[in-house]
Amino acid sequence: MKKVLSLVLALTMVFAFTLTFTGCGGSDDEGNSDSGMKAGFICLHDENSTYDKNFIDAANAACEELGVEAIVKTNIPEGQECYDAAAELVDAGCGIIFADSFGHEDYMIQAAKEFPDVQFCHSTGTKAHTEGLDNYHNAFASIYQGRYLAGVAAGLKLNEMIDKGDITADQAKMGYVGAYTYAEVVSGYTSFFLGARSVCPSATMEVTFTGSWYDETLEKEGANKLINDGCVLLSQHADSMGAPTACENAGVPDVSYNGSTVEACPETFIVSSRIDWVPYYEYCINAVQNGEAIDTDWTGDLETGSVVLTDINENVAAEGTADKIAEVEAGLKDGSIQVFDCSTFTVDGKAVTEYMADVDTDPDYKGDTNVIEDGAFMESKFRSAPYFDLQIDGIELLDTAF
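So, how was this worked out
Starting from 1, residues in each chain are numbered consecutively following that chain's sequence as written. Totals for whole chains, interfaces and linings use all residues, but because this is a predicted model, local features are given only for residues with pLDDT of at least 70 and pairs of side-chain atoms are given and counted only at 80 or more. To obtain the side-chain values, all non-hydrogen atoms of the structure were used and water was disregarded. Counted as salt bridges are all cases of a side-chain nitrogen of Lys or Arg within 4 Å of a carboxyl oxygen of Asp or Glu. Helix and strand assignments come from DSSP, with helices taken as H or I runs of at least 4 residues and strands as E runs of at least 2, each series counted from the N terminus. Relative accessibility thresholds used throughout: buried, under 20% of the residue-type maximum; exposed, over 50%; partly exposed, between the two (1.4 Å probe, protein chains only). Counted as a polar contact is a pair of N or O atoms within 3.5 Å, where, for protein atoms, one must be capable of donating a hydrogen and the other of accepting one, and residues adjacent in sequence contribute only when both atoms are in side chains. Here, two residues are considered to be in contact whenever any of their heavy atoms come within 4.5 Å of each other. To form a nonpolar core, buried Ala, Val, Leu, Ile, Met, Phe, Trp, Tyr and Cys residues must be joined to one another through side-chain atoms within 4.5 Å. Classification of ring pairs uses Phe, Tyr and Trp, with its six-membered ring standing for Trp, and accepts pairs whose centres are within 6.5 Å; under 30 degrees between planes counts as stacked, over 60 as edge-to-face, and the remaining range as tilted. We call a charge positioned over a ring when the NZ of a Lys or the CZ of an Arg lies within 6 Å of the ring centre and within 35 degrees of the ring normal. We call two strands paired when DSSP finds no fewer than two bridges between them. All axes are obtained by fitting lines to C-alpha atoms, using only the stretch in contact for helices, and the reported angles, taken between N-to-C directions, cover 0 to 180 degrees. In what follows, a disulfide is any cysteine sulfur pair within 2.5 Å. What a helix should span is 1.5 Å times the count of its residues minus one. Working definition: the arc comes from the directions between the helix axis and the C-beta atoms, pointing outward to the latter.

Caption draft 1: Focus on the pattern of salt bridges. Within the structure shown, the criterion is met by 11 salt bridges. When the shortest N-O distance is used, the salt bridge between Asp 57 and Lys 53 registers 2.8 Å. With Asp 57 and Lys 53 both in helix H2 (residues 50-66), this residue pair falls four residues apart, about one helical turn. The shortest N-O distance in the salt bridge between Lys 381 and Glu 373 comes to 2.6 Å. Looking at Glu 373, the relative accessible area reads 26%, which means it is partly exposed. Via salt bridges that share partners, Lys 173, Glu 206 and Asp 229 belong to a single interconnected network.

Rendered as structure tokens:
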């Protein structure tokens, strides 16, 4: 079996580049980690993708803190290559393996069944709570909270532009570059929009999709299309510098994702939200070291330090942005503010009082769980990965082919 895998992996490596960080943190001169443990990480792209860089940085930080050796494999497609990469990491001695992209899930499950003595943790996946495997786990964070906060910053910027006479209230149209029409993306752009509208009631938004998580050319084209259509502020759920660069070139304020773009875009960057994966990685690695069970479906939030904002670019952000964000963050933490408060939006002009979401994923994506409680859509309560897929009023989708 290992000889066959070796041949397959040798061929796979022609197309996939592997970064291996040995002895990450607390290692001796021979590259051995303090604990003797190895953790494997499978990434869809490499550090050129802001999304994957966020995972890679967290992997290195967590392993350095815990004295664990990290093996990071990059540019692993959402196909059989993921299983092959997982099998190679098992052969390399990894006791726990993480993957970072939605399409990796079925191949991580395949590996978990093949190697029951190794723990497999998959970010953004949906099937762990129905698979029933002791060594397969899903994780996500309530990033909709961070996007809502970033939306507040965007709304304040719109208000400033209105007050200065740069635009009128009815011109407060934002643009959003999305990858796919998946619930994860819908949840993200809706929470961003609701955050903006909470302080700028006249705000509207257009969304365009690229059909790819990472395509700098398409993302730049999408951003330019939105700018040319009259969008005066942009955000994104796509992983390259395409949209922020387009904004900088056009002088359009931008809220980026997964990290600050202030160095490349100093004249337009406002703030960015991201998931900090360090708390989850440390939790899982510690659990393996201590022989403890890992949650089947783990959700981080503001309280766990898993949802964070970058520093605000005070040169671009509206005055008072930091104070307002702090105020809203406190409300999110104590529950007095609900991101998807059903009183703040309508669908086809009607209030939402009940909604059967697709929580237990099946081939037909059939709704199975009523997720409205106490007047709010309870995102991430019944499963860590997002399932908000309502198309609310005030947001126009320019294309839905993806």
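Caption draft 2: Molecular detail of the side chain of Asn 54. With respect to the secondary-structure elements, Asn 54 resides in helix H2. Polar contacts involving the side chain of Asn 54 include one to the side chain of Arg 274, which spans 2.9 Å. Excluding anything up to four places from it in sequence, Asn 54 contacts Asn 258, Arg 274, Ile 275 and Trp 277.

Caption draft 3: Fine view of the nonpolar core. Ranked by size, the top nonpolar core spans 92 residues in total, and within it Tyr 280 and Tyr 281 carry the most contacts. Top element by residues in this core is helix H6 (residues 143-163). It accounts for 11 residues. If sequence neighbours within four positions are ignored, Tyr 281 has contacts with Phe 41, Phe 55, Ala 58, Ala 59, Ala 62 and Phe 98. Tyr 83, Ala 86, Phe 115 and Phe 120 belong to the second-largest nonpolar core, a separate cluster that totals 22 residues.

Caption draft 4: Here's a closer look at the packing of aromatic side chains. One pass over the structure, following the stated rule, counts 26 aromatic pairs. Consider the rings of Phe 98 and Tyr 280, whose centres lie 6.2 Å apart with planes at 80°: the pair is edge-to-face. Here the residue Phe 98 occupies a position in strand S4 (residues 96-99), and Tyr 280 occupies one in helix H10 (residues 278-290), the gap between them amounting to 182 residues. Overall, the relative accessible area of 1% leaves Phe 98 in the buried class. When the ring of Tyr 176 is compared with that of Tyr 189, the centres are 5.8 Å apart and the planes differ by 65°; the resulting orientation is edge-to-face. Note that Tyr 176 is positioned in strand S7 (residues 173-178) and Tyr 189 in helix H7 (residues 183-197), a separation of 13 residues in sequence. In terms of burial, Tyr 176 and Tyr 189 fall into one category: buried. For Arg 147, the ring lying beneath its charged end belongs to Tyr 257, and the centroid distance is 3.7 Å.

Caption draft 5: Representation of the sheet that holds strand S10 (residues 254-257) in the model. An order of S13-S11-S10-S9-S7-S8-S18 is seen for the seven strands of this open sheet, with the pairing classed as mixed. With one partner strand each, in any of the chains shown, strand S13 (307-309) and strand S18 (395-397) form the two edges of the open sheet. Shown here is a sheet whose adjacent strand axes are inclined to one another by a mean of 20°, direction ignored. Sheet strands touched by helix H8 (residues 216-228): S7, strand S8 (204-209) and strand S9 (233-237). Its angle to S7, the strand with the most contacts, is close to 165°.

Caption draft 6: View of the state of the cysteines. Enumeration over the complete set of coordinates arrives at zero disulfides. With no disulfide of its own, Cys 82 has Cys 43 as its nearest cysteine by sulfur position, at a separation of 10 Å. Here Cys 284 stays free of any disulfide, with the sulfur of Cys 121 as its closest cysteine sulfur at 4.0 Å. For Cys 284, a relative accessible area of 0% puts it in the buried group.

Caption draft 7: Quick peek at H8. Here H8 is 13 residues long and its end C-alpha atoms lie 18 Å apart, about the 18 Å a rise of 1.5 Å per residue gives. For H8, the complete set of buried residues consists of Glu 219, Gly 222, Ala 223, Leu 226 and Ile 227. Seen from one end, H8 has its buried residues packed into an arc of 135°, which puts them on one side. Structural note: H8 exposes Thr 217 and Asn 228 on the side pointing more than 90 degrees away from its buried face. Where H8 is buried, its residues contact S7, S8, S9 and helix H9 (242-250). One side-chain oxygen at the N-terminal end of H8 lies 3.2 Å from the backbone nitrogen of Thr 217; it belongs to Asp 215.

Caption draft 8: Region of interest: the pairing of strand S11 (residues 269-275). Burial analysis of S11 places six of its seven residues in the buried class, the great majority of the element. Both S10 and S11 contribute to a ladder of three bridges, which runs parallel. Bridging across to S11, Asp 254 finds its partner in Phe 269.

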